[in-house]
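Listed below, chain by chain, are the residues.
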Amino acid sequence: MIKKAVIPAAGLGTRFLPQTKAQPKEMLPIIDTPTIQYVVQECVDSGIEDILIISGKGKRSIEDHFDKNFELETRLQEKKDEVLYTHLKHIENMANIHFIRQKELNGLGDAIYHARFHCEHEPFAVLLGDTIIDSVIPVTQQLIDSYEQYGQTVIAVETVPWENVSRYGITVGDNLSTKVIRLKELIEKPDRKNAPSNMAIAGRYILTPQIFRALEKTPRGKGNEIQLTDALQFLLKEEGIVATLIEGKRYDMGNKMDFLKTTVELALKRKEFSEEFEEFLRETIAKIDEERKNNPVKQKNF
Ligand code: G1P
């Protein structure tokens, strides 16, 4: 049984500046819902209600989001807006959420090390706070299923285009089944020419408390940071690690293009927007096609 999850959410979000200058990237909205709420929902949908968020400087709005907002609730009650009121109550009661601050940004491995007192006796899930995965079965549940079968550290993987391998932790291993791989090697963000595969770590993990001992031995790696991938490579030599190929579509919200695509794709899935928004998109494309026929391409930069 996996009962706890850790969500690292302390990163600076430099890929999304200037928006992330004073706002956490984990609060970037998908229409009206912050990214991290989707991540917390994935935990809850996977049966996990004890969540530790690794927060940091400038991340106070994450705490506020999951807290009670008395004034707003009173106002909604007065306005008899039952729908929004119920929604707000749902958010504050979603899970039992704790926070710890990472005071210095020393990498994902260091962020996870901050969970050692909370998770020292049991395996736990890790979900990166800026990544959402749209799937039928929550990806954390997919990993829990593998953990229950293999009883070892499990990491989510997916194939990525070769030109993108240097953005990810890359793994190599032998297939145990169509979906599960016994890992032989993990490398954090290799150059394309040194990458042994294009099987990338996809931002979800089931870790055992042994990871904390491995992290203590892990020197600074890529980007002069303590990398979780390097600690996992240590652990691999001591005990096995399996990787599960995820079934779902991953969106990295810290990346501007992914942010745009996510907004469009998820808006098309929302009942209240889908019809009108689809019509708008079709008209927009038709207009672009028409303009292209008549004029050379013009681009506006804001
Ligand atoms: C982190 C991990 C990397 C993983 C990636 C997935 O990198 O270190 O192994 O592939 O998340 O998004 P980051 O994107 O935080 O630099």
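Being a predicted model, the structure only gives us computed values, none of them experimental.

Asker: Would you mind going over the state of the cysteines in detail, with residue names and values included?
Answerer: Here the structure, examined in full by the defined rule, presents zero disulfides. Free of any disulfide, Cys43 has its nearest neighbouring cysteine sulfur in Cys119, separated by 11 Å. Look at Cys43 and you get buried, because its relative accessible area is 0%. The buried category is assigned to Cys119, whose relative accessible area is 0%.

Asker: Break down the pattern of salt bridges for me, citing the residues and quoting the values.
Answerer: Evaluated as defined, the whole model comprises 24 salt bridges. A salt bridge links Glu92 to Lys89; the nearest nitrogen and oxygen atoms lie 3.1 Å apart. You can see Glu92 and its partner Lys89 sitting in helix α4 (residues 82-92), three residues apart, about one turn around the helix. Salt bridges sharing common partners tie together Lys68, Glu73, Lys89 and Glu92.

Asker: I'd like to hear about the site of the ligand, residue by residue, with values.
Answerer: In the region of the ligand, the neighbouring residues are Leu108, Leu128, Tyr168, Gly169, Glu188, Lys189, Ile201, Gln227 and Thr229. In this structure, Gly169 approaches the ligand through a main-chain N or O atom, which is 3.0 Å from an oxygen atom. Between an oxygen atom of the ligand and a side-chain N or O atom of Thr229, the distance comes to 3.3 Å. Protein contact buries 80% of the 380 Å² of open area that the ligand shows by itself. Looking at side-chain class alone, the shell around the ligand contains four nonpolar, three polar and two charged residues.

Asker: Describe the packing of helix α3 (residues 70-78) against α4, with residues and values.
Answerer: At a closest axis distance of 9 Å, the pairing of α3 and α4 adopts a crossing angle of 155 degrees. Classified by the angle their axes make, α3 and α4 are roughly antiparallel. Crossing hand, α3 versus α4: left-handed. Residues Leu72, Glu73, Leu76 and Gln77 of α3 touch α4, and the partners they reach there are Leu84, Tyr85, Leu88, Lys89 and Glu92. The residue makeup of the contact of α3 with α4, split by class, is five nonpolar, one polar and three charged.

What counts and what doesn't
Residues numbered from 1 in each chain as written. Predicted model: local features only at pLDDT ≥ 70, side-chain atom pairs only at ≥ 80, totals over all residues. Heavy atoms only, no water. Disulfide = S-S within 2.5 Å. Buried < 20%, exposed > 50% of the residue type's maximum accessible area, 1.4 Å probe, protein only. Salt bridge = Lys/Arg side-chain N within 4 Å of Asp/Glu carboxyl O. Helix = DSSP H or I, 4+ residues; strand = E, 2+ residues; numbered from the N terminus. Near = heavy atom within 4 Å. Polar contact = N/O pair within 3.5 Å; in protein donor to acceptor, adjacent residues only side chain to side chain. Areas by Shrake-Rupley, 256 points an atom, 1.4 Å probe, with all protein chains shown as cover. Nonpolar A, V, L, I, M, F, W, Y, C, P; charged D, E, K, R; others polar. Axes fitted to C-alpha atoms, helices over the stretch in contact; angles between N-to-C directions. Parallel < 35°, antiparallel > 145°, perpendicular 65-115°, else oblique. Left-handed = near helix turned anticlockwise from the far one by under 90°. Contact = heavy atoms within 4.5 Å.

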